[in-house]
Amino acid sequence: MKYVYGPVPSRRLGKSLGVNLTPFKTCSYSCIYCQLGRTTFKTVERKSFFKKEEILEEISKSLKSNPDYVTFAGEGEPTLNSDLGWILERINHDTAVITNSSLLWRKDVREDLMQADACLPSIDAVTEKTFKRINRSHPSLEIEKVLDGLKEFCDEFDGTIMLEIMIVKGYNDEEVEKIAEVVGEIKKDKVHILTPIRPPASKIEGVDARKMIEILSIFDAYKIPVEIVDFLESNDFDFSSFSSLKDAIKIMRRHPMREEQVKKLAEHFEVSLKEIEEINGIFYKKFKGKKYYYYL
Ligand code: SF4
């Protein structure tokens, strides 16, 4: 499969069949917490990166795995793909789009997203300084414009909106009150608060439990339906939908796996953990005492 991966267990979407709509690290941001490393092609220009018919065909074939959602995320910002609306319109299944919100000021992007059942826009900052530091955004983007677009989109969208905020120590953890004030005015179903747990590519730190409780009470004061997303997915990978170990391993490119998940993968394909570790491209990093496996 070239564009579709998974299904993977998602913290917010259950069993999620991932679809990648951009070339590797093509994004309007280069977030300091991005698990894929620094953005190699920073752009705000929408394009038809691949043959849309091929993407649709892969999705249709993969639906037999019966995911909860077909989720557009992957290796860059999905709204940069100008075929997004065309593809969404043709999927006969629940769909979700994970977006960094950067292009929601564009009418064509908002119109494309209207075809989705759920949208997970993220917002990590409300001041220009923090926006530039945490999201390392494309120079043409300003936080005011991004926030205006986000508000407009949320007002228009009929489906489920789960806003996502990543809190990074020393970057936006002191801006939470201001973020809560702005988020309080945006129409949404839920707000998910995350902090980096899986090892990101750059050296950054998440906030501790005490700070998380403090953050929770700030959002509570604004009557915002907030949830702290635990990093340990409750449901696990379903390896039965993969025809080969090679196919299953590709997931680790976008979605690092915990050691226990890799052990289950080894069991499923009747190989040892050592054999998996020796596959060219597989490596692991230790983070907070746990091993996370990647494939590059
Ligand atoms: S928006 Fe997403 S893909 Fe783009 S840099 Fe940030 S975390 Fe990475």
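What you are looking at is a predicted structure, and each value in this text was computed from that prediction instead of being measured.

Draft legend 1. Local environment of the site of the ligand. Around the ligand, the surrounding shell consists of K25, C27, Y29, S30, C31, Y33, C34, T39 and N100. Considering only residue class, the shell around the ligand consists of five nonpolar, three polar and one charged.

Draft legend 2. Representation of the pairing of strand β2 (residues 14-20). Across the seven residues of β2, six count as buried, placing the element largely inside the fold. In this structure, the hairpin formed by strand β1 (residues 4-10) and β2 is closed by a connection of three residues. Both β2 and strand β5 (residues 69-73) contribute to a ladder of five bridges, which runs parallel. Across the sheet, residue L17 finds its bridge partner in β5, namely V70.

Draft legend 3. Local environment of the layout of surface pockets. In this structure, the largest pocket encloses a volume near 460 Å³. Lining the largest pocket are 27 residues; nearest its centre among them are M1, K2, V4, Y5 and D247. Broken down by class, the residue content of the lining of the largest pocket amounts to 12 nonpolar, seven polar and eight charged. Looking at the lining of the largest pocket, you find at least three residues from each of domain 1 (4-235) and domain 2 (251-296).

Draft legend 4. Structural detail: helix α4 (residues 128-135). Within α4 the residues assigned to the buried category are T130, F131, I134 and N135. Down the axis of α4, the buried set is contained in an arc of 105 degrees. They therefore lie on one face. In this structure, the buried side of α4 is in contact with α5 (143-156) and β8 (160-166). Where α4 ends, the next residue or the one after it, R136, has phi of about 40 degrees, a positive value.

Draft legend 5. Geometry of helix α6 (residues 176-184). Restricting attention to buried positions, one finds in α6 the residues V176, I179, A180, V182 and V183. On an axial view of α6, the arc spanned by its buried residues comes to 165 degrees, and they lie on one face. Contacts made by the buried residues of α6 are with α5, β8, β9 (190-194) and α7 (209-221).

Draft legend 6. Broad picture of the domain arrangement of the chain. Its domain assignment divides the chain into domain 1 (4-235) and domain 2 (251-296). Taking the mean C-alpha position of each, domain 1 and domain 2 sit 25 Å from one another.

Analysis parameters
- Residues numbered from 1 in each chain as written.
- Predicted model: local features only at pLDDT ≥ 70, side-chain atom pairs only at ≥ 80, totals over all residues.
- Heavy atoms only, no water.
- Near = heavy atom within 4 Å.
- Nonpolar A, V, L, I, M, F, W, Y, C, P; charged D, E, K, R; others polar.
- Buried < 20%, exposed > 50% of the residue type's maximum accessible area, 1.4 Å probe, protein only.
- Helix = DSSP H or I, 4+ residues; strand = E, 2+ residues; numbered from the N terminus.
- Pairing = 2+ DSSP bridges.
- 1 Å grid on protein atoms, 1.4 Å probe; cavity = no way out; pocket = protein on both sides within 12 Å on 5 of 7 lines; lining within 4 Å.
- Points joined across faces, edges and corners; volume = space filled by probe spheres on them.
- Domains from an automatic or database assignment.
- Arc of directions from axis to C-beta.
- Contact = heavy atoms within 4.5 Å.

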